[in-house]
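Here is how the chains run, residue by residue.
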Amino acid sequence: MNSGNEPTNNAPARTGPHTANSTVAAAATATTVITDIAALVTNDPSLGDGSPLGLIRDAAVAIEGDRVVWIGASSKAPATDNRVDAAGRAVIPGFVDSHSHLVFAGDRTAEFHARMSGRRYEAGGIRTTVAATRAASDAELEATLTRHLDEALRQGTTTFETKSGYGLTVEDEERALRLAARHTDEVTYLGAHVVPPDFADDPAGYVDLVTGPMLDACAPHARWIDVFCEKGAFDGDQARAILTAGKARGLHPRIHANQLSYGPGVQLAVELDAASADHCTHLTQQDVDALANGDTVATLLPGAEFSTRAEWPDARRLLDAGVTVALSTDCNPGSSYTSSMPFCIALAVRDMGMTPDEAVWAATAGGAAALRRTDVGRLTVGARADLALLDAPSPVHLAYRPGVPLVAAVWRAGRRVTGRPDPMPWDR
């Protein structure tokens, strides 16, 4: 399965509402139109109801190739080769999952069981997955990766980021990134996940490896560099050295920050212009102010708090301060084994102080911002035609009906990729 992701600098410039001329052009060239959409989320506040979701009622969207070429009232939908009747359902942009760890082997059921029986979560459990990943073949790792990608796709995720971090040798980190790069352009080098057992007595030597030979091998396969800046992993000085070395090799920073305790991660992220600071559970007012005054997105990962019974991030505090917030799954075998963005939306609304509209925006446009993308996470003329048709009349149902499989069909890059291979009952 290949995402067809495109970096921001390839994104189309044309992202505003259609004009009369573009309507005529769309009528002549669009290949698919989806009509009778009860609620279309565009994430463009200049459209529809003027909210951040840019919600258009009784709408239609037309697709040509891999792009959106027309949006507007369903009654004015252009004639096309293929017409899909949404039958009063909602359509949203495909989810943008900007934080996952999908190249791994093994199982940590026993750890989860122990944690749910009272043991505290700590970063060291990562080493269990490292041992299993090192022992796995390329074919086994890729099979696990694609299984989780297919699972996420069925739940509406059309763009995803994934990391290395479970190999922690030059060879194993390189192969993890090489395998991931077959499926997405949003690949992150996370050699600095934890210090592996073979460097337990020489953490400085491991930092030298991460910033030297390992970086040399991994940089050609990655767009991003990440570090777990946390007690039990890497401190602020080590994180700065690692991210700075990655920037010098053309990799842009992102950072695991302030998950388990207060620390320097968020401040470092803003200082280095990281695209995102991820977790953001334990924040000082200075941390919040730094995020509000910088371009770094706060990516919140409620699946991790759910799976570790940890304190929830305070999304309301961040949003009220003007911070850009993204939601992501953090899908990994140890602390957040979910690929479901709808589940994360429901958690964010119930336990993190987000409204349903804010959570939907964070899971789509917010994730795109965390990847510095403008071509995904929105449905406007010129955007990539990534969208999910919900078996519900409103996107609010994603939080209102938690655990219910509401994604009826998914289009990615203009092609229907989930649902029945033959026409759906409402196609005509």
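Please read these numbers as outputs of a predicted model, since none were measured by experiment.

A. Fine view of the nonpolar core. Ranked by size, the top nonpolar core spans 87 residues in total, and within it Tyr189, Phe234, Ile255, Leu318, Leu327 and Ile345 carry the most contacts. Setting aside its immediate chain neighbours within four residues, Ile345 contacts Phe95, Leu327, Ala359, Val360, Ala363, Leu398 and Ala399. Listed in part, the 20 residues of the second largest apolar core include Ile37, Leu47, Ala59 and Ile63.

B. Highlighting the pairing of strand β16 (residues 407–412). Within β16, five of the six residues are buried, leaving the element largely enclosed by the surrounding structure. For strand β15 (residues 387–390) and β16, the ladder comprises four bridges, and the chain directions are antiparallel. Paired with Leu389 across the bridge in β16 is Ala409. Of the strand pairs in this sheet, β16 and strand β17 (residues 415–418) are connected by three bridges, and their pairing is antiparallel. Within β17, the position partnered with Trp411 by the bridge is Arg416. In this structure, the hairpin formed by β16 and β17 is closed by a connection of two residues, where Ala413 is found at a positive phi of approximately 50°.

C. Expanded view of unusual backbone geometry. Despite not being glycine, Asp36 shows a phi value in the positive range, around 55°. Topologically, Asp36 is positioned in strand β1 (residues 32–40). In the Ramachandran plot, Asn258 falls in the positive-phi region, its phi being about 60° despite a non-glycine side chain. In this structure, Asn258 sits in the loop between β11 (255–257) and α9 (265–271). Overall, the relative accessible area of 1% leaves Asn258 in the buried class.

D. Examining the pairing of strand β8 (residues 187–192) more closely. Within β8, six of the six residues are buried, which leaves the element mostly enclosed by the surrounding structure. Two elements, strand β7 (residues 162–163) and β8, share two bridges in a ladder whose sense is parallel. Bridged to Lys163 within β8 is Thr188. Remark: the β7/helix α5 (residues 170–180)/β8 crossover connection has right-handed handedness. Pairing of β8 with strand β9 (residues 224–229) involves three bridges; the strand directions are parallel. Residue pairing for β9: Tyr189 is matched across the bridge by Ile225.

E. Spotlight on the sheet that holds β15. Strand order in this open sheet of seven strands is β3-β2-β1-β4-β15-β16-β17, and the pairing throughout is mixed. Unpaired on one side and paired on the other, β3 (67–73) and β17 mark the two borders of the sheet. The average undirected angle you get between the axes of adjacent strands in this sheet is 40°. Two elements, strand β2 (residues 56–64) and β3, share six bridges in a ladder whose sense is antiparallel. What sits directly across from Val61, in β3, is Ile71.

F. Main features of the side chain of Ser74. Residue position: Ser74 is located in the loop between β3 and β4 (82–93). By relative accessible area, Ser74 is classed as buried at 12%. A distance of 2.8 Å separates a polar atom in the side chain of Ser74 from the backbone nitrogen of Asp36. In this structure, Ser74 is in contact with Thr35, Asp36, Asp58, Ala59 and Ala60, ignoring residues within four places of it in sequence.

G. Main features of the packing of aromatic side chains. The tally for this structure, following the rule as stated, stands at five aromatic pairs. Seen in terms of ring centroids, Phe104 and Tyr166 are 6.4 Å apart; in terms of plane orientation they differ by 75°. Their pairing is edge-to-face. Within this pair, whereas Phe104 is found in the loop between β5 (95–97) and α2 (109–116), its partner Tyr166 is found in the loop between β7 and α5, the two being separated by 62 residues in sequence. Relative to Tyr206, the ring of Phe199 has its centre 5.3 Å away and its plane inclined at 55°; by these criteria the two rings are tilted. Accessibility expressed as a relative area gives 21% for Phe199, which makes it partly exposed.

H. Broad picture of the environment of Pro196. Among the secondary structure elements, Pro196 is positioned in the loop between β8 and α6 (203–211). Residue classification places Pro196 among the buried residues on the basis of a relative accessible area of 0%.

I. Looking closely at the side chain of Arg373. Within the secondary structure, Arg373 sits in the loop between α14 (356–370) and β15. Within the local environment of Arg373, its side chain forms a polar contact with the side chain of Asp375, the two groups lying 2.9 Å apart.

J. Up close: the environment of Asn258. Asn258 sits 19 residues away from Ala277 along the chain, and the two C-alpha atoms are 8.6 Å apart. If sequence neighbours within four positions are ignored, Asn258 has contacts with Cys229, Glu230, Gly263, Gly265, Val266, Cys280, Thr281, His282, Leu283 and Asp287. Side-chain polar atoms of Asn258 contact the backbone oxygen of Gly263, separated by 3.3 Å.

K. View of the pattern of salt bridges. This model, assessed by the stated rule, comprises 23 salt bridges. Two residues, Glu111 and Arg115, come together in a salt bridge whose shortest N-O distance is 3.1 Å. Of the two residues, Glu111 and Arg115 are both situated in helix α2; the distance of four residues between them amounts to about one turn of the helix. Across the pair, exposure class does not vary: Glu111 and Arg115 are buried alike. Across the pair Glu186 and Arg373 runs a salt bridge whose closest N-O atoms are separated by 2.7 Å.

L. Geometry of helix α13 (residues 341–351). For α13, every residue scored as buried is listed here: Met341, Pro342, Cys344, Ile345, Ala346, Leu347 and Ala348. Buried positions along α13 lie against β5, β6 (157–160), α11 (302–308), β14 (325–327), α14 and α15 (397–400). Gly353 sits one or two positions beyond α13 and adopts a positive phi of about 80°.

The rules behind the values
- Residues numbered from 1 in each chain as written.
- Predicted model: local features only at pLDDT ≥ 70, side-chain atom pairs only at ≥ 80, totals over all residues.
- Heavy atoms only, no water.
- Core = buried A, V, L, I, M, F, W, Y, C linked by side-chain atoms within 4.5 Å.
- Buried < 20%, exposed > 50% of the residue type's maximum accessible area, 1.4 Å probe, protein only.
- Contact = heavy atoms within 4.5 Å.
- Helix = DSSP H or I, 4+ residues; strand = E, 2+ residues; numbered from the N terminus.
- Pairing = 2+ DSSP bridges.
- Right-handed = clockwise from strand over helix to strand, strands pointing away.
- Axes fitted to C-alpha atoms, helices over the stretch in contact; angles between N-to-C directions.
- Polar contact = N/O pair within 3.5 Å; in protein donor to acceptor, adjacent residues only side chain to side chain.
- Phe/Tyr/Trp six-rings, centres within 6.5 Å; stacked < 30°, edge-to-face > 60°.
- Salt bridge = Lys/Arg side-chain N within 4 Å of Asp/Glu carboxyl O.

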